[in-house]
Amino acid sequence: MTPVTRQEVLGLYRKIFRIAKKWQSASGQTEETIKEKEYIKNEAKTLFRKNKNVTDPKLIKQCIEECEARIEIGLHYNIPYPRPIHLPPMGLAHKQGRTLRQQEKLRKISKPIYLKSHDEVS
């Protein structure tokens, strides 16, 4: 990992903990705010620890982009949890029809960047 990339990753890590420290839930309830703050901290720790041994520059860049996307979406919608995507069961099929395996492949490809690591951790 280059020093610039390392600084970028550490900056994101610190940014997440600053956000968690100031976080207020949409409902304004104290219990929910505490629960969401803990979720933000635990999710960050889990994902950063999981990816600490990644050395491939492309994969590192993808993880950084995912982190930035999740931060922006969380701040915009005031929801710390990843926003799910909703696709109809055979919504990606062409007129000729697709097999189930091809449907799963198309779903995996169409998954937004901010959900790439969510399924692996959950």
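Before any of the text, the structure's been laid out above.
Residues numbered from 1 in each chain as written. Predicted model: local features only at pLDDT ≥ 70, side-chain atom pairs only at ≥ 80, totals over all residues. Heavy atoms only, no water.

## Details of the overall build of the chain
Then, number 1: Tallying secondary structure elements over the chain gives 5 helices and 0 strands in all.
Then, number 2: Shown N-terminal to C-terminal, the secondary structure of the chain runs as helices and strands in the order α-α-α-α-α.
Then, number 3: The buried share of the chain, reckoned over its 122 residues, is 25%.
Then, number 4: A fraction of 68% describes how many contacts in the chain between residues 6 or more apart in sequence connect residues 24 or more apart.
Then, number 5: Put simply, the chain shows about 9,000 Å² of open surface, and 56% of that area lies on carbon and sulfur atoms. (Helix = DSSP H or I, 4+ residues; strand = E, 2+ residues; numbered from the N terminus. Buried < 20%, exposed > 50% of the residue type's maximum accessible area, 1.4 Å probe, protein only. Contact = heavy atoms within 4.5 Å. Areas by Shrake-Rupley, 256 points an atom, 1.4 Å probe, with all protein chains shown as cover.)

## Digging into the packing of helix H1 (residues 3–22) against helix H3 (residues 57–77)
Then, number 1: Contact geometry for H1 and H3: axes closest at 11 Å, N-to-C directions at 25°. Put simply, H1 runs roughly parallel to H3. Viewed along their axes, H1 and H3 form a crossing whose handedness is left-handed. Taken together, the residues of H3 that come into contact with H1 (itself represented by Thr 5, Glu 8, Val 9, Leu 12, Lys 15, Ile 16 and Ile 19) are Ile 60, Ile 64, Cys 67, Glu 68, Ile 71, Glu 72 and Leu 75.
Then, number 2: Grouping the constituent residues of the contact of H1 with H3 by class yields 9 nonpolar, 1 polar and 4 charged. (Axes fitted to C-alpha atoms, helices over the stretch in contact; angles between N-to-C directions. Parallel < 35°, antiparallel > 145°, perpendicular 65-115°, else oblique. Left-handed = near helix turned anticlockwise from the far one by under 90°. Nonpolar A, V, L, I, M, F, W, Y, C, P; charged D, E, K, R; others polar.)

## Focus: the nonpolar core
Then, number 1: Membership of the largest hydrophobic core comes to 13 residues, with the highest contact counts inside it found for Leu 12, Ile 16, Ile 40, Ile 64, Cys 67 and Ile 71.
Then, number 2: Mapped onto this core, the elements with two or more residues apiece are H1, helix H2 (30–50) and H3.
Then, number 3: Look past the residues within four positions of Ile 64 in its chain and what remains in contact with it is Thr 5, Glu 8, Val 9 and Leu 12. (Core = buried A, V, L, I, M, F, W, Y, C linked by side-chain atoms within 4.5 Å.)

## Some remarks on H3
The α-helix winds at 3.6 residues per turn, so residues separated by three or four positions along the chain end up facing the same way.
Then, number 1: Counted at 1.5 Å a residue, the expected span for H3 with its 21 residues is 30 Å, and the 30 Å between its end C-alpha atoms agrees.
Then, number 2: Within the span of H3, buried status applies to Ile 60, Ile 64, Glu 66, Cys 67, Ala 69, Arg 70, Ile 71 and Gly 74.
Then, number 3: Just past H3, the residue Asn 78 takes up positive phi, approximately 60°. (Expected span 1.5 Å × (residues − 1).)

## Comments concerning the packing of H1 against H2
Geometrically, a packed helix pair is captured by the angle between its two axes and the distance between the axes.
Then, number 1: In the contact formed by H1 and H2, the axes pass within 8 Å of each other and the chain directions differ by 165°. With respect to H2, the axis of H1 lies roughly antiparallel. H1 and H2 meet at a crossing whose hand is left-handed. Of H2, the residues touching H1 (which contributes Val 9, Leu 12, Tyr 13, Ile 16, Phe 17, Ala 20 and Lys 21) are Lys 37, Ile 40, Lys 41, Ala 44, Lys 45 and Phe 48.
Then, number 2: Tallied by class, the residues present in the contact of H1 with H2 amount to 9 nonpolar, no polar and 4 charged.

## Digging into the packing of aromatic side chains
Then, number 1: Taken as a whole and assessed by the stated rule, the structure comprises 3 aromatic pairs.
Then, number 2: A ring pair is formed by Tyr 13 and Phe 48, whose centres lie 4.8 Å apart and whose planes are at 70°; its orientation type is edge-to-face. You can see Tyr 13 sitting in helix H1 and its partner Phe 48 sitting in helix H2, a full 35 residues away along the chain.
Then, number 3: Given the relative accessible area of 27%, Tyr 13 is considered partly exposed.
Then, number 4: Between Tyr 39 and Tyr 81, the aromatic rings sit 4.6 Å apart at their centres with planes inclined by 55°, giving tilted as the arrangement. Of the two residues, Tyr 39 is situated in helix H2 and Tyr 81 in the loop between H3 and helix H4 (100–110); the sequence distance between them amounts to 42 residues.
Then, number 5: For Tyr 81, a relative accessible area of 30% corresponds to the partly exposed category.
Then, number 6: Taken together, the aromatic side chains of Tyr 13, Phe 17 and Phe 48 make up a single cluster linked through ring pairs. (Phe/Tyr/Trp six-rings, centres within 6.5 Å; stacked < 30°, edge-to-face > 60°.)

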